[in-house]
Amino acid sequence: MMDIEKIYKDANAYLEGHFLLSSGKHSRFYLQSAKVLENPKTAAKLADELAKLINQGGIKVQSVCAPALGGILAGYELARALGSRSIFTERVDGKMTLRRGFNITRGEKFIICEDIITTGGSALESARIITELGGEVVAFAALANRGFCTRHNSNKIAKPTCKLPNDVPFFALEDFEFDIFEPDECPMCKSGSKAIKPGSRGN
Ligand code: ZN
């Protein structure tokens, strides 16, 4: 089994500090998957491992769809590893859409792939579009699972905030569970430090 935490740490993608997440909550840790995926060989290795889990799970698809921007690299590499097609959805004025001439065949089987699944909101929005257009979403996948949802073959219980449907399998390489805090309950804020948005200071 691959040591996913070590791969993230070696790539300086497992950040420690005081982070403002897109949900508005604060965390001491942040996973910057773009730093892992900047090395195409590492990206390929991770995707091959993820594809292995998906194949072992008996899932077969024609296509992988990723929500832009975060999911695109992981989705593309997963599609390569599975020998499938790779497409992506993207937000236009906040609404997830399918553009760029991508077509979906009625009954076409899909995996929705993200770099990291937190509550799975973007993945679910992508899945809804694929379904509306006649595709069938048979699995979700991510390199890392932040522990809100339950990945395939894990006996952990999903948190109520997980948005992924529980009748569709979710494949991920690793669980990364960090505490997250409301700003007014954040111990780092209490000790006087200020949360920063990941990516805003070169991270
Ligand atoms: Zn804080």
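Look up a bit, the structure's there.
Computed from a predicted model, the values in this text were never measured in an experiment.

Caption draft 1: Summary view of the nonpolar core. Judged by nonpolar contacts, the single largest core of 33 residues is most densely connected at Tyr-8 and Leu-78. Ranked by size, the runner-up nonpolar core spans 18 residues in total, among them Cys-65, Phe-110, Ala-123 and Ile-130.

Caption draft 2: Fine view of the sheet that holds strand E9 (residues 180-181). Here we have three strands laid out as an open sheet, ordered E1-E2-E9, and antiparallel in their pairing. Strands at the two margins of the open sheet, each flanked by one partner only, are strand E1 (14-20) and E9. Summarising the sheet, strand E2 (residues 26-31) and E9 pair through two bridges and their orientation is antiparallel. Residue Ser-27 lies in a different strand from E9, and its bridge partner there is Ile-180.

Caption draft 3: Quick peek at the pattern of salt bridges. Taken as a whole and assessed by the stated rule, the structure comprises 15 salt bridges. Of the charged contacts, one joins Glu-174 and Arg-151 as a salt bridge, the two residues approaching to 3.9 Å between their closest N and O atoms. Pair noted here: Glu-174 is in strand E8 (residues 170-175) and Arg-151 is in the loop between strand E7 (136-145) and E8, with a separation of 23 residues, a long-range link. Arg-151 is the salt-bridge partner of Asp-175, the closest N and O atoms lying 3.0 Å from each other. One end of the pair, Asp-175, is in strand E8; the other, Arg-151, is in the loop between E7 and E8, with 24 residues separating them in the sequence. Judged by its relative accessible area of 18%, Arg-151 falls in the buried class. Within this structure, Arg-151, Lys-156, Glu-174, Asp-175 and Glu-177 form a network of salt bridges that share partners.

Caption draft 4: Here's a closer look at the coordination of the zinc ion. Coordination of the zinc ion by the protein is provided by His-18 (NE2), His-26 (ND1), Cys-186 (SG) and Cys-189 (SG), with metal-donor distances spanning 2.0 to 2.4 Å. Considering all four donor atoms around the zinc ion, the spread of angles at the metal, 95 to 120°, places the coordination shape in the tetrahedral class. All donors to the zinc ion come from one chain, and their sequence spacing reads H-x7-H-x159-C-x2-C. Across the pair, His-26 and His-18 agree in class, each one buried.

Caption draft 5: How the structure looks around the packing of aromatic side chains. Under the definition given, this model contains eight aromatic pairs. Ring plane angle 55° and centroid distance 5.6 Å describe the contact between Tyr-8 and Phe-176, whose orientation is recorded as tilted. Of this pair, Tyr-8 sits in helix H1 (residues 4-10) while Phe-176 sits in the loop between E8 and E9, and the two are 168 residues apart along the sequence. For the pair Tyr-8 and Phe-176, one class covers both residues: buried. Ring centres 5.3 Å apart and planes at 80° place the aromatic pair Phe-88 and Phe-102 in the edge-to-face group. Of this pair, Phe-88 sits in strand E4 (residues 85-92) while Phe-102 is found in the loop between strand E5 (95-97) and strand E6 (109-117), placing the two residues 14 residues apart along the sequence. Since its relative accessible area comes to 24%, Phe-102 is described here as partly exposed. Taken together, Tyr-8, Tyr-14, Phe-29, Phe-176 and Phe-178 form an aromatic cluster joined through their ring pairs.

Caption draft 6: Structural detail: the state of the cysteines. Per the counting criterion, the structure on display carries one disulfide. Summary of cysteine pairing: Cys-65 is not part of a disulfide, and the nearest cysteine sulfur, belonging to Cys-113, is at 9.8 Å. For Cys-65, a relative accessible area of 0% corresponds to the buried category.

Caption draft 7: Spotlight on the environment of Ser-86. Position of Ser-86 among the secondary structure elements: in strand E4. It is 9.9 Å that separates the C-alpha atoms of Ser-86 and Cys-113, two residues lying 27 residues apart in sequence. Sequence-distant contacts of Ser-86, that is, excluding residues within four places in its chain, are made with Val-64, Gly-75, Tyr-76 and Ala-79.

Quick notes on the rules
Residues numbered from 1 in each chain as written. Predicted model: local features only at pLDDT ≥ 70, side-chain atom pairs only at ≥ 80, totals over all residues. Heavy atoms only, no water. Core = buried A, V, L, I, M, F, W, Y, C linked by side-chain atoms within 4.5 Å. Buried < 20%, exposed > 50% of the residue type's maximum accessible area, 1.4 Å probe, protein only. Pairing = 2+ DSSP bridges. Helix = DSSP H or I, 4+ residues; strand = E, 2+ residues; numbered from the N terminus. Salt bridge = Lys/Arg side-chain N within 4 Å of Asp/Glu carboxyl O. Donors = N, O, S within 2.8 Å, 3.2 Å for Na, K, Ca; no water. Tetrahedral: all angles 85-135°; square planar, octahedral: opposite > 155°, others 65-115°. Phe/Tyr/Trp six-rings, centres within 6.5 Å; stacked < 30°, edge-to-face > 60°. Disulfide = S-S within 2.5 Å. Contact = heavy atoms within 4.5 Å.

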